[in-house]
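# Structural overview
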Amino acid sequence: MVEYQLKGRDITNSDVLNAFLKVPRHLFVPENLVDEAYGDYPLPIGFGQTISQPYMIAYMVQALEPDKSLRVLEIGTGSGYTTAILAEIFKEVYTIELIPELSQRARDLLEKLNYSNVTFKIGDGSEGLKEFAPYDRILVTASAPDLPPPLEEQIADGGIVVIPINKGFGDILYRFRKKGDEMKGEQLTFCSFVPLKGKYGFGEYRYE
Ligand code: SAM
C-alpha cells in the first residue's frame, strides 16, 4: 500500500508515510472485508458510511502540512483510521462524528491501540467543535456544500482547513488558509466523498 499507492504517486512527506506503515488498517474495516483492507479503494463500514481510500487520506493529511507541534480537528471520525493516522503526526487530535455507534467503535479501538492524544465527540461537526477551538488544522472527511462558517471562526490565524466541497459538479478537494480575517482557498484535486450532514451540510442524517 505505502510503496505503490502512496510513494508511487505523490505522497512524499516522511511523517505521513511512516504513519501509514504503523497504523494497522485491517483493524478498522469490517471482519468480512479484512482481505481487502489494503486495497486501493474505500470500503463500507456500516450506517451507509465508508473508510476512505488510503491514497486520498494520505493526500489530505499531507495537504494539511502536518507537524508534531500542532492541534487538529477532524470532522467525520468514521472508522477512526484517519484519526489514528493524525494521532501519529499531530500533538493533539479532536474528532467529531454524527453517528454515535461509529464514534464509540472508533474510540474503543484507538484506546486499545493506546492512543492517548485523541478526544472523541459525538455531534454535528458542520458546526465545528467550539469547546476546544482554535485549531491549527481542520480536516473534513465528508463533502460539504461550502466551507461551513463556524470552521472559519474556529481555525487559528495561519491555520489550514482541508475540505471536499460539492457545488453540484462533483466533489473538489479545497485547501483554505486563514490570514488575519481572510480565508484564501485553492482547489487541489477531484475526489469522491459521502455527504457532510447537519446544519451546514446537506440536511439531516437518515439511514434506512
Ligand atoms: N475518515 C474516516 C475514516 O478514516 O474512516 C472516513 C470518514 S467517512 C468518509 C465520513 C464520516 O463523516 C462518516 O462517518 C459520517 O457519518 C461523518 N459525518 C457526516 N456528516 C457529519 C457531521 N455533520 N458531523 C460529524 N460527522 C459527520
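Look a little higher up for the structure.
A brief report on the enclosed structure follows. (Residues numbered from 1 in each chain as written. Predicted model: local features only at pLDDT ≥ 70, side-chain atom pairs only at ≥ 80, totals over all residues. Heavy atoms only, no water.)

## Section: the environment of Gly 125
Along the chain, the position of Gly 125 falls in the loop between strand 5 (118-122) and strand 6 (135-140). In sequence terms Gly 125 and Glu 3 are 122 residues apart; their C-alpha atoms lie 33 Å from each other. Discounting residues that sit within four places of it in the chain, Gly 125 has contacts with Ile 75, Ile 96 and Leu 151. (Helix = DSSP H or I, 4+ residues; strand = E, 2+ residues; numbered from the N terminus. Contact = heavy atoms within 4.5 Å.)

## As for the site of the ligand
Residues in contact with the ligand amount to 26 residues; listed here are only the nearest, Ser 79, Thr 82, Glu 97, Gly 125 and Lys 197. Taking Ser 79, its side chain carries an N or O atom lying 2.6 Å from an oxygen atom of the ligand. Between the ligand and the protein, one listed contact pairs a nitrogen atom with a backbone N or O atom of Lys 197 at 2.6 Å. Protein coverage of the free-state accessible area of the ligand, which is 600 Å², stands at 99%. Looking at the shell around the ligand, the elements with two or more residues in it are strand 2 (49-51), helix 4 (81-89) and strand 4 (92-97). (Near = heavy atom within 4 Å. Polar contact = N/O pair within 3.5 Å; in protein donor to acceptor, adjacent residues only side chain to side chain. Areas by Shrake-Rupley, 256 points an atom, 1.4 Å probe, with all protein chains shown as cover.)

## Describing the pairing of strand 7 (residues 155-166)
Of all 12 residues in strand 7, 9 are buried, a share of seventy percent or more. In this structure, strand 6 lies alongside strand 7, joined through 4 bridges in parallel fashion. Across the sheet, the residue bridging to Leu 139 is Val 162, located in strand 7. Note on the crossover from strand 6 through helix 6 (residues 149-154) to strand 7: the handedness is right-handed. Looking at chain direction, strand 7 and strand 8 (residues 171-179) are connected through 7 bridges and run antiparallel. Directly across from Val 162, in strand 8, lies its bridge partner Arg 175. Following strand 7, the chain reverses through 4 residues before pairing antiparallel with strand 8; Gly 168 in that reversal takes a positive phi of roughly 105°. (Buried < 20%, exposed > 50% of the residue type's maximum accessible area, 1.4 Å probe, protein only. Pairing = 2+ DSSP bridges. Right-handed = clockwise from strand over helix to strand, strands pointing away.)

## Examining helix 3 (residues 54-63)
A large share of helix 3 lies buried, amounting to 10 of its 10 residues. Along helix 3, the residues classified as buried are Pro 54, Tyr 55, Met 56, Ile 57, Ala 58, Tyr 59, Met 60, Val 61, Gln 62 and Ala 63.

## Brief notes about the packing of aromatic side chains
Two aromatic rings, taken as a pair, are described by how far apart their centres are and by the angle between their planes. Overall, the coordinates contain 6 aromatic pairs when judged by the stated rule. Measuring from ring centre to ring centre gives 5.7 Å for Tyr 174 and Phe 176, while their planes differ by 10°; the resulting arrangement is stacked. Relative accessible area serves as the criterion here: at 11%, Phe 176 is assigned to the buried category. Three or more aromatic residues joined by ring pairs form one cluster here, namely Phe 20, Phe 28 and Tyr 81. (Phe/Tyr/Trp six-rings, centres within 6.5 Å; stacked < 30°, edge-to-face > 60°.)

## A word on unusual backbone geometry
Cis geometry marks the peptide bond from Ala 133 to Pro 134; its omega dihedral reads 5°. One non-glycine residue, Phe 47, adopts positive backbone phi at about 60°. Along the chain, Phe 47 falls in the loop between strand 1 (43-46) and strand 2. Its relative accessible area of 21% is what places Phe 47 among the partly exposed residues. Unusually for a residue other than glycine, Asn 114 sits at a positive phi of about 70°. With respect to the helices and strands, the residue Asn 114 is situated in the loop between helix 5 (100-112) and strand 5.

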